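Notes for the structure review
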Amino acid sequence: MNQQEIRDKLFEQFGEEVIKGEDLFRDQVTLTVDRSRIAPVCRFLKEDPELAFDFLSFVGAVDRYPSRPRFEVLYQLYSLQRNHRFRIKALVDETDSEPAAIDSVVSLWPTADWHERETAEMFGITFKGHPDPRKLLLPEEWTCHPLRKDFHVEGNDEETPDLPRKVEQGS
Amino acid sequence: MGISSYLDDTVHVTSLDWFINWSRKSSMWPLGFGLACCALEMIATFVSRFDTSRFGMEVVRPSPRQADLMIVAGTASKKMLPAILRIYEQMAEPRWVVAMGACACTGGIYKNYAVVQGIDRHLPVDVYIPGCPPRPEALIDGLLQLHARVMKESGGQRAKLKSVKAVAR
Amino acid sequence: MHEVASSSDTRVRETFELNVGPHHPSTHGVFRAVVELDGEIVVNVTPHLGYLHRGYEKTCEAKTWHNVIPLAERCDYMGATSNSFVYCLAAEKLLDIEVPERAQTIRVIMAELSRIFSHLFWLGAHAHDIGAFTPIIYCLRERECIMDMFELTAGGRLMPNYLRIGGLIRDLEDGFVEKARAFTDEFNFRVDDYEALLTKNPIYVDRTKNIGILSSEDAIALGASGPMVRASGVRWDIRKSEPYSGYDQYDFQMAVEQGCDVYSRYLVRVREMRESAKIVRQGLDKLKPGPIRATKPGAVFPPQEEIYTKTEALIHHFMLVVEGVRAPVGQVYHVIESPRGELGAYLVSDGGPRPYRLKWRPPAFVNLETLATMTKGAFLSDLIAILSSIDIVLAEVDR
């Protein structure tokens, strides 16, 4: 199936209240899916016999700071059986009271495990229902999220020290 | 004249310093320790075409206890740094450090939050080898310069270096 | 006597944890794994990554589109050209540039040489991990030949940095074609030499056959690609399924094995080296004279000789260096078959001279996820064989 047929099939299945937008650039379609419905859409993409997206290339994110909603979470899919690719994204926002969060897709594609852990620590997005939400690449004690746009590329001594700070004695 | 003519070239007379330095530099054992891209050029230097066994350095030890020379080959990330310092501490004196490649010297093209901007911030570096990655010839040149430096040491021990303290994680 | 026997019957079985790495000779860099052992049997492996995290993706956001190429090459230092290849293809798609045919062919030649280059180093290091020291000496000998060719035409040994957005930095140097032809003529016999050391060697076969089983279902679910899935019987090679840069015009076989084990991965990679040499030879045969860079003023660097003779070319060159090219707003994803599998670059542009976001899809990172599945119930010594059969490059895993 080509990009247009996949797009039409998804629109037919879910309608405009789930699929919030679309973007066509250089023959690649990106569909914007409602954040709360990401799990059923992914399940459909994987289990529908015509789509059969059995291979997840990556889960990533883009920070659109300062515009709102702030984050795009991306799912790049491939079907080994059908030899087609497709990409969906969901918009996730962060407020003072509520951190950015979206459902995990590890139960559908086990490979999402490390991708989601990496995205979580790099952007500070919580993947709800992730089986092992530890840090992956960054040192344990860091609390910053380097791929956010408001984080300076060179870091700083407070957040990214060369050596872990010693724990205060006697406290 | 005197004793040397009496011994007639069967015994060579030299200073103790020279002899100790000569034996140290002639069998310097490097630590098999690769961090990033430069490690591949380091391996290429150790094997057949360039062959560091010409300089008594073919015994690459995986254990820091048996090594004299740490070649910091590649980018030292901030997460790796405590481990590097710990390995350095486990090496027995006398020990030397070569910073191989732009990243180990200055952080190189990775001027960012994750990379230590030069391993000399934390380790006493003897020889810096620029390049990204340095060619094997450059590494060999650096090692020969290190040998020349070792030959200038005196008193059988190295000058006191600033103390290095690793932090347990 | 009786008491001793009964007390040993009631002892508690408990597992213990062994820390492997980050400084360990068999982890191919700075990989660290905490292995839970029951005696000598592996119960669970928990990989700890990030010891070579260099902030690659963040650094790229601060570079212009053309400046990313050297950083990309250092992302996978075993097969550097693959990285600049995928980055250039993605950026060309974003900027809508058509690459001339000669440049496409040379790119394929360079990419296949770097595939051989990577597999040679893998073979040497893998055999070394298993306990055979000789192959690495042989493999690195041929690797030096390829490095000589890179050096001849591009200047760099390990990182040729030869590809540019829109084509290549310069045409092939005189003597490259003859050298490459001589290398490919010879290379099959060299591979025979390596195979004579390993393929039927009973020690090697005992240590690799039926070790590290990864079923095709697990491989796909865990996102593995490249030789990892082809050794599990999946017929998938991006050079065949989604041909790029004219790969559909080359005649080569996809190396597929059904064994699902370490030995099959070895066979797949050895066959791939032979096939790559075949592709290089075909590429050399179909090389025709022509331009090596696309003409798109303001996006692609003008040819060197024009910079010195034409004012316009000089201005374009200056502006590209000082300001960079402004890419249209959009996003593209492009994949190639790197020596390790599906290597993808996802580029987002906001219309500025720098990538707004560059997401790398590193095959080694995803392939490493299969480690825990493959090592369950294996012996600790097999863990080393399995780990090396994944062919990880830590710079790509941690980025």
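None of these values were measured; they are calculated from a predicted model.

**Remarks on the overall build of chain C**
What chain C contains, in helices and strands, is 18 helices and eight strands. The C-alpha radius of gyration computed for chain C amounts to 23 Å, which stays within 12% of the reference 21 Å derived for 399 residues, consistent with globular compactness. In chain C, buried positions account for 56% of the 399 residues. Put simply, 69% of the contacts in chain C that link residues at least 6 apart link residues at least 24 apart.

**Describing the overall build of chain A**
Across its full length, chain A holds three helices and seven strands. Its C-alpha atoms give chain A principal-axis dimensions of roughly 65 × 30 × 30 Å. Classification of the 171 residues of chain A by burial places 38% in the buried group.

**Notes on the sheet that holds strand β3 (residues 127-129) of chain B**
All names here are of chain B. The strand order across the open sheet built from three strands is β1-β2-β3, with neighbouring strands paired in parallel fashion. In the strand order of this sheet, the two ends are held by β1 (69-73) and β3, each with one partner. Neighbour to neighbour, the strand axes of the sheet diverge by 15° on average, direction disregarded. As paired elements, β1 and strand β2 (residues 96-100) share five bridges and run parallel to each other. Counterpart to Leu-69 in the pairing with β2 is Trp-96.

**Details of the pairing of strand β4 (residues 71-79) of chain A**
Each regular strand displays side chains that alternate between the two surfaces of the sheet. Residue and element names in this part refer to chain A. With seven of nine residues buried, β4 is to be regarded as a mostly interior element. Examined bridge by bridge, strand β3 (residues 55-63) and β4 share eight bridges and lie antiparallel to one another. Across the sheet, residue Val-62 finds its bridge partner in β4, namely Glu-72. Where β4 hands over to strand β5 (residues 84-92), the hairpin turn is made up of four residues, of which Asn-83 adopts a positive phi near 55°.

**A short note on the interface of chain B and chain C**
Every contact between the two is made by 28 residues of chain B and, on the other side, 25 residues of chain C. Per element, the largest residue contribution to the side of chain B that touches chain C is five residues, and it comes from helix α3 (residues 37-46) of chain B. In the side of chain B that touches chain C, the residues fall into 18 nonpolar, six polar and four charged.

**Observations concerning the interface of chain A and chain B**
Between chain A and chain B, the contact holds ten residues from the first and twelve residues from the second. Residue classes in the side of chain A that touches chain B are distributed as five nonpolar, two polar and three charged.

**With respect to the sheet that holds strand β3 (residues 41-48) of chain C**
Residue and element names in this part refer to chain C. Reading across from one edge, β1-β2-β3 is the order of the three strands in this open sheet, with antiparallel pairing throughout. Looking at which strands have only one partner, the edges of the open sheet turn out to be β1 (16-20) and β3. Here the strands of the sheet are splayed against their neighbours by 25° on average, with no regard to which way each runs. Bridge analysis of strand β2 (residues 32-38) against β3 gives seven bridges, and the strand direction is antiparallel. Residue pairing for β3: Val-35 is matched across the bridge by Val-45.

**Some remarks on the packing of helix α5 (residues 101-130) of chain C against helix α12 (residues 262-285) of chain C**
Residues and elements named next belong to chain C. Closest axis-to-axis distance for the α5/α12 pair is 9 Å, and the angle between their directions is 155°. When the interaxial angle is binned, α5 and α12 end up roughly antiparallel. As for the relative orientation of α5 and α12, their crossing is left-handed in sense. Judged by residue contacts, Thr-105, Val-108, Ile-109, Glu-112, Leu-113, Arg-115, Ile-116, His-119, Trp-122 and Leu-123 of α5 engage Arg-269, Glu-272, Met-273, Ser-276, Ala-277, Ile-279, Val-280, Gly-283 and Leu-284 from α12. Partitioning the contact of α5 with α12 into residue classes produces eleven nonpolar, four polar and four charged.

**Thoughts on the environment of A:Arg148**
Residues and elements named next belong to chain A. Relative to the assigned elements, Arg-148 resides in the segment after β7 (126-128). We classify Arg-148 as partly exposed; it has 17 C-beta atoms within 10 Å. Measuring from C-alpha to C-alpha, the distance between Arg-148 and Arg-64 comes to 8.8 Å, with 84 residues separating the pair along the chain. Excluding residues within four positions of it along the chain, Arg-148 makes contact with Asp-63, Tyr-65, Phe-123 and Gly-124.

**Comments concerning the packing of α5(C) against helix α6 (residues 134-154) of chain C**
What describes two packed helices is the angle between their axes and the distance between those same axes. Residue and element names in this part refer to chain C. α6 packs onto α5 with a crossing angle of 160° between their chain directions and a minimal axis gap of 8 Å. Classified by the angle their axes make, α5 and α6 are roughly antiparallel. Relative to α6, the crossing made by α5 is left-handed. Of the residues in α6, those in contact with Leu-113, Ile-116, Phe-117, Leu-120, Phe-121, Leu-123, Gly-124, Ala-125, Ala-127 and His-128 of α5 are Pro-135, Ile-136, Cys-139, Leu-140, Glu-142, Arg-143, Ile-146 and Met-149. Tallied by class, residues from the contact of α5 with α6 come to 14 nonpolar, two polar and two charged.

**Notes on the nonpolar core**
Generally speaking, nonpolar side chains in soluble globular proteins are found buried as a group. Judged by nonpolar contacts, the single largest core of 217 residues is most densely connected at A:Ile125, B:Met70, B:Val72, B:Val98 and B:Met100. A per-element tally of this core places α5(C) first, with 16 residues. If we skip the residues at most four places from it in the chain, A:Ile125 touches A:Ala61, A:Phe71, A:Val73, A:Val92, A:Ala100, A:Ala101, A:Ile102, A:Thr119 and A:Ala120.

**Here's the deal with helix α4 (residues 81-90) of chain B**
Residue and element names in this part refer to chain B. Of the positions making up α4, those classed as buried are Leu-81, Ile-84 and Tyr-88. Seen along its axis, α4 keeps its buried residues to an arc of 60°; they face one direction. In the core, the buried residues of α4 are packed alongside β1.

**As for unusual backbone geometry**
In the segment running from A:Arg68 into A:Pro69, the intervening peptide bond is cis, with an omega of -10°. Cis geometry marks the peptide bond from B:Cys132 to B:Pro133; its omega dihedral reads -10°. With respect to the helices and strands, the residue B:Pro133 is situated in the loop between β3 and α6 (136-150). The backbone of A:Ala52 shows a phi angle near 50°, a positive value even though the residue is not glycine.

Calculation criteria
Every chain begins its residue count from 1, and numbering advances along the sequence as written. Each chain is given a letter, starting from A, and each ligand a number, starting from 1, according to the order in which they appear as written. The model is predicted, so local features are restricted to residues of pLDDT at least 70 and side-chain atom pairs to those at 80 or more, both for listing and for counting; the totals for chains, interfaces and linings are taken over all residues. Under the scheme used here, helices are H or I runs from DSSP no shorter than 4 residues and strands are E runs no shorter than 2 residues, and both carry numbers assigned from the N terminus. Only C-alpha atoms enter the radius of gyration; for comparison, a globular chain is expected to reach 2.2 Å times N to the power 0.38, where N is the number of residues. Residue burial is a threshold on neighbouring C-beta atoms within 10 Å of the residue's own C-beta, all placed from the backbone, with 20 or more meaning buried, 12 or fewer meaning exposed, and counts in between meaning partly exposed. In this description, any two residues whose backbone-derived C-beta atoms lie within 7 Å of each other are considered to be in contact. At least two DSSP bridges between two strands are required for those strands to pair. Helix axes are fitted to C-alpha atoms over the stretch in contact, other axes to C-alpha atoms as well, and angles between N-to-C directions run from 0 to 180 degrees. Following the grouping adopted for this structure description, the nonpolar residues are Ala, Val, Leu, Ile, Met, Phe, Trp, Tyr, Cys and Pro, the charged ones are Asp, Glu, Lys and Arg, and the polar ones are all others, Gly among them. In what follows, roughly perpendicular refers to angles from 65 to 115 degrees, roughly parallel to angles under 35, roughly antiparallel to angles over 145, and oblique to any angle outside these ranges. Rotating anticlockwise by less than a right angle from the far helix to the near helix defines a left-handed crossing, while the corresponding clockwise rotation defines a right-handed one. Connectivity within a nonpolar core runs through C-beta atoms within 7 Å, and the core itself is a set of buried Ala, Val, Leu, Ile, Met, Phe, Trp, Tyr and Cys residues. To obtain the arc, one takes the directions from the helix axis to the C-beta atoms.

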